[in-house]
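Structure assessment
The primary structure of each chain is shown beneath.
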Amino acid sequence: MDCDCLENTGLKMPQSAGIISGIQRMVLYETRARYFLVGTNQAQTKHRVLKIDRTEPKDLVIIDDKHVYSQQEVRELLGRLDLGNRTKIGQKGSSGLSRAVSAFGIVGFVRFLEGYYIVLITKRRKMADIGGHSIYKIEDTSMIYIPNDSVRVTHPDEARYVRIFQNVDLSSNFYFSYSYDLSHSLQYNLTLLQRPYELWSSPETSAEEEVQTQSKQDSFDIFEDEGLPTQVVYGIQNEPYYKYVWNGKLLERVKDIVHHDWLMYIIHGFCGQSKLLIYGRPVHITLIARRSSKFAGTRFLKRGANCEGDVANEVETEQIVHDASVMSFTAGSYSSYVQVRGSVPLYWSQDISTMMPKPPIRLDQADPYAHVAGLHFDQMLQRFGSPIIILNLVKKREKRKHEKILSEELYPAVTNLNQFLPPENSIDYIAWDMARYTKSKLCNVLDRLSMIAENVVKRTGFFINRSDFYCHTIRPDDRWGDVGGHITASGRVQTGVLRTNCVDCLDRTNTAQFMVGKCALAYQLYALGMIDKPKLQFDTDCVRLFEELYEDHGDTLSLQYGGSQLVHRVKTYRKIAPWTQHSKDIMQTLSRYYSNAFSDADRQDAINLFLQVYQPSESKPHLWELPTDFYLHQRNTMALLQDRRSYTLWWSDGILSYLPVAYDEVPCEETMKKVKVKRVNRFDESIDIYTEFFKPYEITSFDDTFCIAMTNSAREFMPKTVGVDPSPFTVRKPEETGKSVLANKSSKEETLLQRKTAASAPPPPSEEAISSTSEDDSEEDRDDDGSVSQRSTPIKLLTESGESNRTGEEIHQQQLVKEPYGLNLAEFPSEDDLLTYERFAHLGESQHRVERTECINLANIICLEPVSCFPDDSIYAVSLPQVDRDSRDEFESHVLTGQGQVRVLCRDDMLMYREYVKNRYM
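Turning our eyes to something else, we now look at the sheet that holds strand β24 (residues 675–681). If you walk across this open sheet you meet the three strands as β1-β11-β24, and the pairing is mixed. Two strands in the sheet have a free side with no partner beyond their single neighbour: β1 (16–18) and β24. Within the sheet, the average angular offset between the axes of one strand and its neighbour, ignoring direction, is 35 degrees. The sheet contact formed by β1 and strand β11 (residues 232–238) spans three bridges and is parallel.

Structure (structure tokens):
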């Protein structure tokens, strides 16, 4: 049906939906000559079979017949294979087909010096859920050698390469999804569904047509019997953004041979999700960090940029906020904000042979025309649009030039690039010495960062998929009109991005990104109608939850690149970090130094081998024999350049014409080449996310469907005392929060040890010295630990002198009572409290007496104001409440309505109903 027919019949244009992978579970069967990999979808209704030859010693031979099998056909196929591969016909003792392993996906195929290996995901764990699309973390993998032992050609160095390859721990922070493209942002994935695909819908191949015909016959359509046309949905299959894909090279050999459902791309970085309860309304806050696979490596071994504009430690961080009460992408409310961290885009490095904690920074190559910086910012303009805002946090003033060298080179490079860009699309450069501000007693670091964050968010805007912004109409705010970005018919789009860097892009960068994310979160919640003004304050349940999520994110990224957790945290820069954490600060610094000095080289070799930057060959030196990997990452050093990019027109063709919108998100001929579109029935399994998530065809339990143990703001941050404001946006005192009890993981022995060592502990550092906190500590832990250490010495003296016989355990139990009851039993009640209690006890003794011999004056007992009138002094006699006339009429109309007698609606009723429908559904 073409567009004209659709307009004439008054039907809506076909919707679009992402295609769900048809292979989510697989079993590897083994014979002497072949491996048979049988994959199935979630419902186990459609199966595919992959045949892998085991008789080739060094080549990979894979056959995919592209046929979709039913469950019965697969059983018959496996039965025939079993019979055909037995040693003797009719023999039952030994099976010709054995089951090797069950898996959830293929990481890839890799070869060193012998034959190929297949790497399978054997264990997974659900980490997050975005609109019904599940995100999984790899928990365990299996690496299986493909060739048979009879044809295997052994090599003495093969085992060493296997050990190096397995040094990349795939069970540590690698993520994948069957239905959601993790390599792209939520903004890209949702705007992709809104493109006019009727102009680009490609004809299906013969094999796909057969599958489509079969699926249409199996599916059920309620409109077919009514003579109405079946609703058609465009199934979208998009190419991933290979920069953030970590197994792209491992799947490159089979990408054009097998069906797309066999290909599953994984990302490396961080994924965390927490639940913010706003008076019972669930709002999920998700943090996804994608680490670049280009120029990847460890701290001192990968600095600056390579010849293609890829920088070290480049991570794209995206925070997604959505109302979890509505799951669908089309009907739900979703918002996201993206920011980037990465090393300074110059040719620079640090010499680690000197074994110094801070090796000197040196510039390796002169780049007077900012060629490498131009390549890097060209990538950013193409992916994010404009403006690109650089927040440079390195030091400006130093006795001996160290970090300042980078600033002196980066600023002229940006100035040189900006002179060729249009002024409205120029790169913004913000240089701020964060370390110097931290040492100053007069300056507040986070206040300055909040001002920067406010300006940045107003420049770039944020993404939201709803255009009905009731928030700024009902509760207007002056700041809302200044928010940038690109406004579309379906909502608002972020244009441009903030790029933050220090030297390592770890501690200072994470704090700056947290402050920008906190500012963006306020605007996201305001746009979703959750708060009345785009401002969030510290010490609220919402910001505590977001801070914990960002610290987990920072610790994970710091471990991957630097070898230790964060040293300086948000509490450090707020100058509220507990002094007891100073020793942990020192330990993290030592751990980072040890990792950089002794283990980073092995980790770098493993990353180079896993990403196939280095491919072993008998004609080349071994990986461990290379003096440096510089030539592996700098391709222009190994070949002559065929074409040189212009120094003035340093951006790619077509980018400027669409700015400030990102070129990748524009539906043009070039970008549509990366998208495959096919027309499917709306009830087809390949696009039905409801069936995929809830699995109505099988018996499931709540534990399986809702298996994510995410942080809950009401359970872990809201105070447990009665009568407090349950809003997650209320500022709490440090002793009010519920985290202090839940996060107190120390045992009794550790508590006693803290008391014994309290007197000999070092004094707290000055404000100039930066201390840190551990990953799980919060302000509540600080106060709790402080109270223990302060009371430790007096308790010991009282026990020795005989004035008190209370043990340390009793005191510890009494301190825990203070959290749920708001009372410290260790302190004797005041006189006012005792007097109030005696009056209350006197009143309680006489409240159940029915017969009275004397008139009781309540004022003599306690000052009370009665709220109801009792005819008798008894708990069994109560007078009826007085109801006004309007309330009686309202109740009578409800009763009549229930009996079917509906009264005529007046004009006010109709206006009220329209307002309700407008606010609730439109």
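Turning our attention to a nonpolar patch on the surface. A contiguous nonpolar surface patch, about 480 Å² in accessible area, is contributed by Tyr690, Phe694, Phe702 and Phe706. Of note, Phe706 is situated in the loop between α18 (702–705) and β25 (711–712).

Below, the discussion takes up the nonpolar core. Of all hydrophobic cores here, the largest spans 55 residues; its most connected members are Leu449, Phe462, Phe514, Leu521, Leu525 and Leu536. Counting residues per element, the ones that place at least two in this core are β12 (267–278), β13 (281–291), β14 (315–323), β18 (388–392), α9 (445–460), α11 (507–527), α12 (541–562) and α13 (570–574). Apart from residues lying up to four places away in sequence, Leu525 is in contact with Leu276, Val283, Val321, Met530, Ile531, Leu536, Cys542 and Phe729.

This brings us to helix α7 (residues 404–418). With 15 residues, α7 should cover 21 Å at 1.5 Å per step; its first-to-last C-alpha distance of 22 Å lies within 8% of that length. All buried positions along α7 are accounted for by Ile405, Leu406, Ser407, Leu410, Ala413, Val414, Asn416, Leu417 and Asn418. Looking at the buried side of α7, the elements it contacts are β16 (348–350), β17 (361–363), α6 (371–384), β18 and β19 (428–431).

Counted under the stated rule, the structure contains ten cavities of 30 Å³ or more. Roughly 160 Å³ of internal volume is contained in the largest cavity. In this structure, the largest cavity is lined by 16 residues; those nearest its centre are Ser185, Gln187, Arg383, Phe384 and Glu665. Every element with two or more residues in the lining of the largest cavity is listed here: α4 (186–192), β15 (334–341) and α6. Residue classes in the lining of the largest cavity are distributed as six nonpolar, seven polar and three charged.

Quick notes on the rules
Residues numbered from 1 in each chain as written. Predicted model: local features only at pLDDT ≥ 70, side-chain atom pairs only at ≥ 80, totals over all residues. Heavy atoms only, no water. Pairing = 2+ DSSP bridges. Helix = DSSP H or I, 4+ residues; strand = E, 2+ residues; numbered from the N terminus. Axes fitted to C-alpha atoms, helices over the stretch in contact; angles between N-to-C directions. Patch = residues over 30% accessible without salt bridge, like charges linked within 9 Å, V, L, I, M, F, W, Y side chains within 5 Å. Areas by Shrake-Rupley, 256 points an atom, 1.4 Å probe, with all protein chains shown as cover. Salt bridge = Lys/Arg side-chain N within 4 Å of Asp/Glu carboxyl O. Core = buried A, V, L, I, M, F, W, Y, C linked by side-chain atoms within 4.5 Å. Buried < 20%, exposed > 50% of the residue type's maximum accessible area, 1.4 Å probe, protein only. Contact = heavy atoms within 4.5 Å. Expected span 1.5 Å × (residues − 1). 1 Å grid on protein atoms, 1.4 Å probe; cavity = no way out; pocket = protein on both sides within 12 Å on 5 of 7 lines; lining within 4 Å. Points joined across faces, edges and corners; volume = space filled by probe spheres on them. Nonpolar A, V, L, I, M, F, W, Y, C, P; charged D, E, K, R; others polar.

These figures capture arrangement, not role.
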